[in-house]
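Fold and contact review
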Amino acid sequence: LFLAVSALSVTQAQYPAVGADRLLTMIQLVALYFMIIDLTNDERTFKNVLLILTLAGIPAAAISIGQFVLSGAGRAVGVYPDPNYSALNILILIPLALAFVNHSQGRTRWFFWTAFFFLLFGVVVNFSRGATVALIVMFFIISRATFIEPLLRKRMKAIFLAVIAG
């Protein structure tokens, strides 16, 4: 459904060539998603793939944060030439980090909290309006999810309010 709506939007885009390029990227990501699902035939392997994806996003967030801190320009670009695209690619990893927070304990849990805030800051320093809207919606949904432990939901509500206020 998402790909169908995206394909229809290309026909109405101001720059159809750019839209078609982004649509091709989305098709590749969906194909990658189905390939991962097909190749991971047990829960442990699937969790390891999600862990690798989450950890792989930390360098991208670090680059965005480093550009923001060191450049003085006020807006990070990230690892892609488009800061919006960079922010959205980091953003999709935030729920994975939260899932690991929700299912871990002790030092491992603190590590994933750190990864979560690192990814969050990596999104914020790109100053992407689209990523900010997606972040707000994501936090709202997560703060309402009943399968997440109550303390984590309370923390997500606090972060949700801070993102809206900030």
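Here, the structure is the one placed above.
The structure presented is a predicted model; accordingly, all values stated were derived computationally and were not measured. (Residues numbered from 1 in each chain as written. Predicted model: local features only at pLDDT ≥ 70, side-chain atom pairs only at ≥ 80, totals over all residues. Heavy atoms only, no water.)

**Some points on the packing of aromatic side chains**
Note the threshold: Pairing of aromatic rings covers Phe, Tyr and Trp, the last counted by its six-membered ring, and requires centre-to-centre distances within 6.5 Å; plane angles under 30 degrees mean stacked, over 60 mean edge-to-face, and any other angle means tilted. Accessible area is worked out with a 1.4 Å probe on protein chains only. A residue is then buried under 20% of its type maximum, exposed over 50%, and partly exposed in between. Counting as a charge over the ring demands two things of the Lys NZ or Arg CZ atom: a distance within 6 Å of the ring centre and an angle within 35 degrees of the ring normal.
Going through the model one piece at a time under the given rule, you end up with 7 aromatic pairs. Between the aromatic rings of F111 and F112, the centroid separation amounts to 5.2 Å while the plane-to-plane angle is 75 degrees, which identifies the pairing as edge-to-face. The exposure class of F111 is partly exposed, given its relative accessible area of 42%. Given the relative accessible area of 6%, F112 is considered buried. Between F116 and F117, the aromatic rings sit 4.8 Å apart at their centres with planes inclined by 70 degrees, giving edge-to-face as the arrangement. Of the aromatic side chains, those joined through ring pairs into one cluster are F68, F121 and F127. Positioned above the aromatic ring of Y85, the side-chain terminus of R22 is 4.8 Å from the ring centre.

**Things to note about the packing of helix α3 (residues 43-71) against helix α5 (residues 94-102)**
Condition: Only the stretch in contact is used when a helix axis is fitted, and all axes are lines through C-alpha atoms; the angle between N-to-C directions ranges over 0 to 180 degrees. Put simply, DSSP marks the helices as runs of H or I at least four residues long and the strands as runs of E at least two long, and each gets a number from the N terminus on. Each angle receives one of four descriptions, namely roughly parallel if under 35 degrees, roughly antiparallel if over 145, roughly perpendicular if within 65 to 115, and oblique otherwise. Put simply, a crossing is left-handed when the front helix is turned counterclockwise from the back one by less than a right angle, and right-handed when it is turned clockwise. The contact criterion used is simple: two residues touch if any of their non-hydrogen atoms lie within 4.5 Å. Ten residue types, Ala, Val, Leu, Ile, Met, Phe, Trp, Tyr, Cys and Pro, are classed as nonpolar, four, Asp, Glu, Lys and Arg, as charged, and the remainder, Gly among them, as polar.
Two numbers describe how α3 lies on α5: the axes approach to 9 Å, and their chain directions differ by 125 degrees. The orientation of α3 relative to α5 falls into the category oblique. Of the two elements, α3 crosses α5, and the hand of that crossing is left-handed. Contact with α3, carried on its side by K47, L50, L51, L53 and T54, involves L96, A97 and F100 of α5 and no other residues of that element. Residue composition of the contact of α3 with α5, by class: 6 nonpolar, 1 polar and 1 charged.

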